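Residues per chain are reported as follows:
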Amino acid sequence: MFTRFTREAREAVEQAEREARSLGAAAVAEEHLLVAVLDRRETRLAADFPGATAERVRAAAGAGDPDREALAAIGISLPEVRRAVEEAFGPGALEGGSRRLPFTRGAKRALELALREALELGARRIDDELVLLGLLREGRARDLLAGLGADPEELRALLRRRRRGRQVA
Amino acid sequence: MQATEAAERATAKDPAVGLRAVAALRRLLEQLEALQVANARERGWSWKEIADALGVSRQAAHKKHRRRS
């Protein structure tokens, strides 16, 4: 699936996996991809979409980790425990080793849509911006951004416009 | 941090919060136990040594973890 991804896009996917692990998620979901891509892209998006930052999406998406919240209520920090364990045993040790996390159905769909974006925009390779465009087409990432006051349709239109401009230039 | 502590005090007596915490802690415990037992086995610890360290019987430790190591 990732053969046509640029190095940046692969790095973003790897970052999404780390993001998922650090939240204790069993799979890489759309919100993890969104945080990873925004983390790399937000400075360029900040002027038009101040709400679309990795930090804000992380806060909005991460709020739903039930085990982390439950443990925090008795004074145990799950991220701290995970950090200590991973320091000794490596990434993902708490979840049973360094094997890759699977992707949720929504995350797979977003990556497929990134491919479709590439075809539509005439791009030969899939970069992290196309992954963002894929995320913006449908699903949970759209809802998260909308909840933060960043209109996903507007963001998508802007990115596509800029991209076309670059290709013409 | 102060807000977290305040939240703790406010919710400490709510059974729903307390029970969820116990369940989450049990999941964390199982993960840690699997990891530590696998590590001990890799380092050549016997089931007897592992069981003693965990405070359970050798049979119990072996039965629970043998598939993974």
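These numbers were taken from a predicted model, which means no experiment stands behind them.

1. Here's the deal with the interface of chain A and chain B
Taken together, the 15 residues of chain A in the interface contact 13 residues of chain B. In total, chain A and chain B occlude about 1200 Å² of area from one another, counting both sides; carbon and sulfur atoms represent 73% of this. Taken as a group, Asp67(A), Phe89(A) and Leu94(A) account for 38% of the area that chain A buries against chain B, more than any other trio of residues on that side. Along the contact surface separating chain A from chain B lie 1 salt bridge. At the surface where chain A touches chain B, the tally comes to 1 residue pair in polar contact (both at pLDDT 80 or more).

2. Points about the side chain of Arg163(A)
Residue and element names in this part refer to chain A. Mapped onto the fold, Arg163 is located in helix H9 (residues 152-168). Since its relative accessible area comes to 6%, Arg163 is described here as buried. Reaching out from Arg163, the side chain makes a polar contact with the side chain of Asp127 at a distance of 2.9 Å. In contact with Arg163, not counting residues within four places along its chain, are Leu121, Ala123, Asp127, Glu129, Leu130 and Leu133.

The rules behind these values
- Counting restarts for each chain, with residues numbered from 1 along the sequence as it is written.
- As they are written, the chains are lettered A onward and the ligands numbered 1 onward, keeping that order.
- pLDDT decides what is reported in this predicted model: residues at 70 or higher carry local features, side-chain atom pairs at 80 or more are listed and counted, and totals for whole chains, interfaces and linings draw on all residues regardless.
- Computation of side-chain values: all heavy atoms of the structure, hydrogens and water removed.
- We call two residues contacting when some pair of their heavy atoms lies within 4.5 Å.
- Once two parts are joined, some of their accessible surface, as seen by a 1.4 Å probe, is lost; buried area is that loss totalled over both.
- Here a salt bridge means any side-chain nitrogen of Lys or Arg lying within 4 Å of a carboxyl oxygen belonging to Asp or Glu.
- Between N or O atoms, a polar contact is any pair within 3.5 Å; within protein, one atom must be a potential hydrogen donor and the other a potential acceptor, and residues adjacent in sequence are included only when both atoms are from side chains.
- Helix numbering and strand numbering both begin at the N terminus, where a helix is a DSSP run of H or I of at least 4 residues and a strand a DSSP run of E of at least 2.
- Partly exposed describes any residue whose relative accessible area lies between the buried limit of under 20% and the exposed limit of over 50%, with all areas from a 1.4 Å probe on protein chains only and scaled to the type maximum.

Everything listed here is a matter of geometry and, on its own, says nothing about what the molecule does.
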